[in-house]
Amino acid sequence: MSRIRDHMVDQQLTRRGIHDRQVISAMRTVPREKFVDPCFAESAYEDAPLSIGEGQTISQPFIVGLMIEKAGLDCDDKVLEVGTGSGYASAVISLIAKRVYSIERHEQLALRARDRFRTLGYHNIAVRIGDGSMGWAEAAPFNAIIVSASPPEVPSALKEQLELGGRLIIPVGRGDSQRLKRFTRTGVDTFEEEDLGGVRFVPLIGEDAWTATHPMYTAAVPLRGTNAPEQSSLQNQQRERMGERQRSPELPEGVLDHGKFQRRFWAVQRISWIVFVLLLLACLLGLLGRGGLFSRQMLFFSDGSIDFPVISRWNAPEDMVVNFQPSSEDRIFTINADFLQTFSVEGVDPPHKATFARDGRIGYVFPGDPARPTQVVFRLQTHLVGSRRATLGIGEETRTQSTFIFP
């Protein structure tokens, strides 16, 4: 997962212009797969939002990185996050800022996020179940506020809870007209506003945001000063939108359709990957396993060659073949004494003429044959498991070779 996480940062963040070192480091560190349902873990680093239940989502990595970078966080900052959700963004922020306060409307999401923080060791995050549109007055003022859901207008409470110079990152609007904005407090009642681009988030439900009557943007709290005709017009528009949704249902970006077909598709996909991996392992074992194409290695010397087993199995018979070039003199094959701890020599065909010990090596002497090459087969039996090294030679020339013995 760490390699996939690094790939996500490289491909989805830095290539799109996110270069804040603290943000990059934090997103390389936080295990995003721990903040989604286990069945979605394999999709945790995809460039897409994921459902986390309760009609909420975990934003795609790029959006999380963008919002945190635009908040301009510092190590001494106190940050309010509105919309805890899975807790992923809070965890990333906690590695940059000194203290994080996170509000979540859905009790189950808040409790699960709190458990994740405790389990994963994020101890500078406080979680509250409540109305995010009203902020967290007791902990204010904040150096930064990051809102992960979209209200119709910026809640006044959030602006009021910014300290001078504080930054508020928030998506504002309905449906396709949402804009991600940054408000910087420049005075008691003055704010500098920047438009960061079009986005699409789930609605922010609360006293100073959308109502909970219909979570898909269809019912809004009347804004201050709204008169009755405007309310009636708004209700008509809402009914029209509800009719449109019934005819052509769609989910906002950030909500995936995890229906029966989707779940079956993922099940088939996982089974396919498992079968593929098993076949790949079978092929590798066939090539590398005992008796496979790569289970032996030929060592070449000026006076001959040795066909040596580099992969074997414990307590199994094995052959080592020594090929001598034609010679009118006796030929000598040598092995070091450690070799005999790994393999025992059960027989030599044809039989050797004599043996000797010299410089920690055992020598086998075979009569020369000037007419043709001579092949000698050593019948071996394995004794130990694991990786072993042996020094073998023909005449005065030697080679050091490794072999691996499976249990």
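Per an unreviewed UniProt entry, the recorded name for the chain is Protein-L-isoaspartate O-methyltransferase, and the organism is Rhizobium leguminosarum bv. trifolii WSM597. Taken directly from UniProt, the Catalytic activity (unreviewed entry) text for the chain runs: "[protein]-L-isoaspartate + S-adenosyl-L-methionine = [protein]-L-isoaspartate alpha-methyl ester + S-adenosyl-L-homocysteine". Here is the UniProt Subcellular location (unreviewed entry) comment for the chain, exactly as written: "Cytoplasm".

Taken together, the five strands give an open sheet; going across it, the order is E10-E11-E13-E18-E15, and neighbouring strands pair in antiparallel fashion. Either end of the sheet is taken by a strand with one partner, and the two such strands are strand E10 (296–301) and strand E15 (343–349). Between one strand axis and the next, the sheet turns by 20° as a mean value, whatever way the strands run. Strand direction decides the pairing type here: strand E11 (residues 304–309) and strand E13 (residues 317–324), joined by four bridges, are antiparallel.

Put simply, Ala 140 and Pro 141 share a cis peptide bond, and its omega is 5°. Among the secondary structure elements, Pro 141 is positioned in the loop between strand E5 (125–129) and strand E6 (142–147). Cis geometry marks the peptide bond from Asp 349 to Pro 350; its omega dihedral reads 0°. Tracing the backbone shows Pro 350 in the loop between E15 and strand E16 (354–358). Of note, the phi angle at Asn 315 is positive, near 60°, even though the residue is not glycine. Among the structural elements, Asn 315 can be located in the loop between strand E12 (311–313) and E13. The exposure class of Asn 315 is partly exposed, given its relative accessible area of 45%.

For the rest of this paragraph, the subject is the layout of surface pockets. A probe as big as a water molecule, rolled over the atoms, marks out the empty space that is left. There is about 530 Å³ of room inside the largest pocket. Taken together, 38 residues line the largest pocket, and the ones lying closest to its centre are Thr 57, Ser 59, Ser 148, Ala 149 and Phe 201. For the lining of the largest pocket, the secondary-structure elements that each account for two or more residues are strand E2 (56–58), helix H3 (61–70), strand E3 (78–82), helix H4 (88–94) and strand E4 (99–104). Ranked by residues supplied to the lining of the largest pocket, first place goes to H3 with four residues.

As a rule of thumb, soluble globular proteins bury nonpolar side chains together. Grouped together as the largest cluster of nonpolar side chains are 47 residues, with contacts concentrated most on Ile 68 and Tyr 88. Secondary-structure elements contributing two or more residues to this core are helix H1 (2–13), helix H2 (21–29), strand E1 (50–53), H3, H4, helix H5 (107–120), E5 and E6. Tallying contributions element by element places H3 first for this core, with six residues. When residues no more than four places from it in sequence are discounted, the contact partners of Tyr 88 are Met 8, Met 27, Val 30, Arg 32, Phe 35, Ile 58 and Val 64.

Further remarks concern the packing of H1 against H2. Where H1 meets H2, the axes come as close as 8 Å, and the angle between the chain directions of the two elements is 145°. As for how H1 packs across H2, the hand of that crossing is right-handed. Where H1 abuts H2, its residues Arg 5, Asp 6, Met 8, Val 9, Asp 10 and Leu 13 lie against Ile 24, Met 27, Arg 28 and Thr 29.

Following the criterion strictly, the structure yields 13 aromatic pairs and no others. Ring geometry for Phe 333 versus Tyr 364: centroids 6.4 Å apart, planes at 35°, classification tilted. With Phe 333 in strand E14 (residues 331–336) and Tyr 364 in strand E17 (residues 361–366), this pair connects stretches of sequence that are 31 residues apart. Summarising the burial analysis for this pair, Phe 333 and Tyr 364 share the class buried. With 5.2 Å between their ring centres and 85° between their planes, Tyr 364 and Phe 378 make a pair best called edge-to-face. Of this pair, Tyr 364 sits in strand E17 while Phe 378 sits in strand E18 (residues 374–382), and the two are 14 residues apart along the sequence. Looking at Tyr 364, the relative accessible area reads 8%, which means it is buried. On the basis of relative accessibility, which here comes to 1%, the residue Phe 378 falls in the buried class. Here the aromatic cluster, defined as three or more aromatic residues joined through ring pairs, consists of Phe 324, Phe 333, Tyr 364, Phe 366 and Phe 378.

Conventions adopted
Residues numbered from 1 in each chain as written. Predicted model: local features only at pLDDT ≥ 70, side-chain atom pairs only at ≥ 80, totals over all residues. Heavy atoms only, no water. UniProt positions renumbered as here; feature names shortened; annotations may be inferred. Pairing = 2+ DSSP bridges. Helix = DSSP H or I, 4+ residues; strand = E, 2+ residues; numbered from the N terminus. Axes fitted to C-alpha atoms, helices over the stretch in contact; angles between N-to-C directions. Buried < 20%, exposed > 50% of the residue type's maximum accessible area, 1.4 Å probe, protein only. 1 Å grid on protein atoms, 1.4 Å probe; cavity = no way out; pocket = protein on both sides within 12 Å on 5 of 7 lines; lining within 4 Å. Points joined across faces, edges and corners; volume = space filled by probe spheres on them. Core = buried A, V, L, I, M, F, W, Y, C linked by side-chain atoms within 4.5 Å. Contact = heavy atoms within 4.5 Å. Left-handed = near helix turned anticlockwise from the far one by under 90°. Phe/Tyr/Trp six-rings, centres within 6.5 Å; stacked < 30°, edge-to-face > 60°.

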